[in-house]
Amino acid sequence: MPIATVNPANGETLRTYEAMGEEEIERRIQLAEATFRTYRTTAFDERARLMRKAADILEADQDEIGRVITTEMGKPVKQARAEAAKCAKTMRWYADHAASLLADEEPAESDVKDSGASRALVRYRPLGPVLAVMPWNFPLWQVIRFAAPALMAGNVGLLKHASNVPQTALYLEDLFHRAGFPEGCFQTLLIGSAAVDGILRDERVRAATLTGSEPAGRAVAATAGEMIKKTVLELGGSDPFVVMPSADVERAAGVAVTARTQNAGQSCIAAKRFIVHTDVYDAFVERFTEGMKALRVGDPLEEETEVGPLSSELGLNDVMELVDDAKRSGATVLCGGERPEGPGWYYPPTVLADVTREMRIHREEAFGPVATLYRVADLDEAVLIANDTDFGLSSNVWTRDDADVDRFVRDLEAGGVYVNGMTASHPAFPFGGVKRSGYGRELSGHGIREFCNITTVWHGA
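Let me begin by describing the structure that accompanies this report.

Cut-off values and rules
- Residues numbered from 1 in each chain as written.
- Predicted model: local features only at pLDDT ≥ 70, side-chain atom pairs only at ≥ 80, totals over all residues.
- Heavy atoms only, no water.
- Helix = DSSP H or I, 4+ residues; strand = E, 2+ residues; numbered from the N terminus.
- Buried < 20%, exposed > 50% of the residue type's maximum accessible area, 1.4 Å probe, protein only.
- Areas by Shrake-Rupley, 256 points an atom, 1.4 Å probe, with all protein chains shown as cover.
- 1 Å grid on protein atoms, 1.4 Å probe; cavity = no way out; pocket = protein on both sides within 12 Å on 5 of 7 lines; lining within 4 Å.
- Points joined across faces, edges and corners; volume = space filled by probe spheres on them.
- Nonpolar A, V, L, I, M, F, W, Y, C, P; charged D, E, K, R; others polar.
- Salt bridge = Lys/Arg side-chain N within 4 Å of Asp/Glu carboxyl O.
- Pairing = 2+ DSSP bridges.
- Core = buried A, V, L, I, M, F, W, Y, C linked by side-chain atoms within 4.5 Å.
- Axes fitted to C-alpha atoms, helices over the stretch in contact; angles between N-to-C directions.
- Parallel < 35°, antiparallel > 145°, perpendicular 65-115°, else oblique.
- Contact = heavy atoms within 4.5 Å.
- Polar contact = N/O pair within 3.5 Å; in protein donor to acceptor, adjacent residues only side chain to side chain.

**As for the overall build of the chain**
Thinking step 1. Along the backbone of the chain there are 15 helices and 19 strands.
Thinking step 2. For the chain, the spread of C-alpha atoms along the principal axes amounts to about 70 × 60 × 40 Å.
Thinking step 3. A total of 461 residues make up the chain; the buried ones form 55% of that total.
Thinking step 4. Here the chain displays about 19000 Å² of accessible surface, and carbon together with sulfur accounts for 49% of that area.

Spelled out as structure tokens, the structure:
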């Protein structure tokens, strides 16, 4: 795949870039290793000062970088600006909290004595250069939620971004440079996917994080396992959105529209499977379908646009194939379901009913604005269908019954359970999944400690 900016709204190639050669890759890895030796000893106050400066610059740049994001991957420009603002917020959160999250921990005095020590503690130390393999769908956010905690912990970053967002990737390197971080703290590698394996095998690269597809995650995990290196993987999702009889159906249906179509549905944590109790099924489906039909699809650079194009022709074809397979297998199309005429990689908000286990869309992640509906008789059936997937990233539950909540929290196989609200990431809460959605956690204290050497320090009596 070429490293290029191709506007998804019209298919026009705007800029192309040459992939870095082996000499330039080697130079950057050398620089990362050398920078780490000194950067790791900087004080938290100094790291926080630099991180806050980067947040200020990003906030000031949000209009400009928002338009770049939109022309590279098709996100409506309002959502692109909001993504930049969220990144700045997260950078400040880690600047404020990293020192306390990584403070030395003292075991109980009785345990220290029992171990024969006069003193003992646990210290968090940085690992070194970390390779980040990142996707295009949230081209700032996915990177910042790795970079902010990693840099605040004293690590340095090497970014291999998706090949269709090279301008955003280069902006991120420049952002940290303009903020005053030492040269080599955060570097963008303009490379293709084939180069990742060799970089991960380099002994100077200590760990890796990947957000992306399941095949990409398997490849990185296999190499990292062979090299015995720490990895964090955030892969696909097919999140359930469960609506029970006690729910506020009107509110649930309104949130469901946003939960399915934000970023044109190209989000791992987007609600994709809508599992609705039979007592409220008809009312929910009517409101939900009306909301999906009412969405404004169009030029993502226009302020009024709510749903832009999909990011690539390949992504569009994947969504079309899933919907066409479901239609051939008996699914009922309540709205959408056909690609509109004209330029660009657009697909309309689509709702499919009568979905069965035999359809591909039941088993595979639909990375576009396509919702599938399931009618269930009771809570047990809702849990059964919700868990009938290889993925387990997050989940949404709508109910005002505390007993329902307890069951869903206990039984849903997911990294998050969001009750009466839409799944969303926040720097204070851990983010990640189970099953084929990956392992490890980003954000919160859990995320900043993922790339730390958790060190026991023991003093003899």
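**Focus on the layout of surface pockets**
Thinking step 1. One number sums up the size of the largest pocket: a volume of about 1400 Å³.
Thinking step 2. In terms of lining residues, the largest pocket is bounded by 49 residues, among which Trp136, Gly212, Ser213, Ala216 and Leu314 are the most central.
Thinking step 3. The dominant element in the lining of the largest pocket, judged by the number of residues it contributes, is helix H11 (residues 313–328), at seven residues.
Thinking step 4. Class assignment for the residues of the lining of the largest pocket results in 25 nonpolar, 14 polar and ten charged.
Thinking step 5. One number sums up the size of the second largest pocket: a volume of about 400 Å³.
Thinking step 6. Residue lining of the second largest pocket: 23 residues in total, with Lys86, Phe138, Gln262, Ile269 and Ser425 positioned closest to the centre.
Thinking step 7. Broken down by secondary-structure element, the contributors of at least two residues to the lining of the second largest pocket are helix H3 (77–101), helix H5 (141–152) and helix H9 (249–261).
Thinking step 8. Ranked by residue count, the leading element in the lining of the second largest pocket is H3, at four residues.

**Here's the deal with empty space enclosed by the protein**
Thinking step 1. For the structure shown, the criterion picks out four cavities of 30 Å³ or more.
Thinking step 2. Computed from the structure, the largest cavity encloses a volume of approximately 90 Å³.
Thinking step 3. Taken together, Arg145, Phe146, Pro149, Ala150, Thr209, Val232, Arg441, Glu442, Gly447, Ile448, Glu450 and Phe451 form the lining of the largest cavity.
Thinking step 4. Elements that contribute at least two residues to the lining of the largest cavity include exactly H5 and helix H15 (444–449).
Thinking step 5. Among the elements that make up the lining of the largest cavity, the one with the highest residue count is H5 (four residues).
Thinking step 6. Along the lines of polarity and charge, the residues of the lining of the largest cavity split into six nonpolar, two polar and four charged.
Thinking step 7. Within this model, the second largest cavity holds a volume of roughly 70 Å³.
Thinking step 8. Elements with a minimum of two residues in the lining of the second largest cavity: strand E9 (239–243) and strand E14 (391–392).
Thinking step 9. Each residue belonging to the lining of the second largest cavity can be placed in one class, and the counts come to six nonpolar, six polar and four charged.

**Observations concerning the pattern of salt bridges**
Thinking step 1. For the structure on display, the rule yields 36 salt bridges.
Thinking step 2. Here Arg201 makes a salt bridge to Asp197, at a shortest N to O gap of 2.7 Å. Separated by four residues within a single helix, Arg201 and Asp197 lie in helix H7 (residues 196–201), roughly one turn from each other.
Thinking step 3. The class for Arg201 is partly exposed, based on a relative accessible area of 30%.
Thinking step 4. Classification of Asp197 as partly exposed rests on a relative accessible area of 32%.
Thinking step 5. Between Glu338 and Lys327 there is a salt bridge; the shortest N-O distance is 2.8 Å.

**Some words on the sheet that holds strand E10 (residues 271–277)**
Thinking step 1. With mixed pairing, the seven strands of this open sheet are ordered in space as E11-E12-E13-E10-E9-E15-E16. The sheet is open, and its two borders are formed by strand E11 (332–335) and strand E16 (418–419), each paired with just one other strand.
Thinking step 2. By the bridge criterion, five bridges tie E10 to strand E13 (residues 370–376) in an arrangement that is parallel. Bridge pairing links Ile275 to Tyr374 in E13.

**Focus: the nonpolar core**
Thinking step 1. With 86 residues, the main nonpolar core has Met51, Leu58, Met91, Leu131, Leu140, Phe176 and Phe181 as its most contacted residues.
Thinking step 2. When residues in this core are grouped by element, the largest group, eleven residues, is from helix H2 (residues 44–73).
Thinking step 3. By size, the runner-up hydrophobic cluster in this structure holds 55 residues, among which are Leu310, Ala326, Trp345 and Leu412.

**Quick notes on the packing of H2 against H3**
Thinking step 1. Following both chains from N to C, one finds H2 and H3 inclined at 175 degrees, their axes separated by 8 Å at the closest point. In terms of axis orientation, H2 runs roughly antiparallel to H3.
Thinking step 2. The class makeup of the residues in the contact of H2 with H3 is 18 nonpolar, three polar and eight charged.

**Focus on the environment of Ser437**
Thinking step 1. Among the structural elements, Ser437 can be located in the loop between strand E17 (434–435) and strand E18 (438–439).
Thinking step 2. For the pair Ser437 and Ala207, spaced 230 residues apart in the sequence, the C-alpha separation amounts to 19 Å.
Thinking step 3. Beyond its immediate sequence surroundings of up to four residues, Ser437 is in contact with Leu233, Glu234, Leu235, Gly236, Gly237, Asp390, Phe391, Gly392 and Leu393.
Thinking step 4. Of the polar contacts made by the side chain of Ser437, one reaches the backbone nitrogen of Gly392; its length is 2.8 Å.

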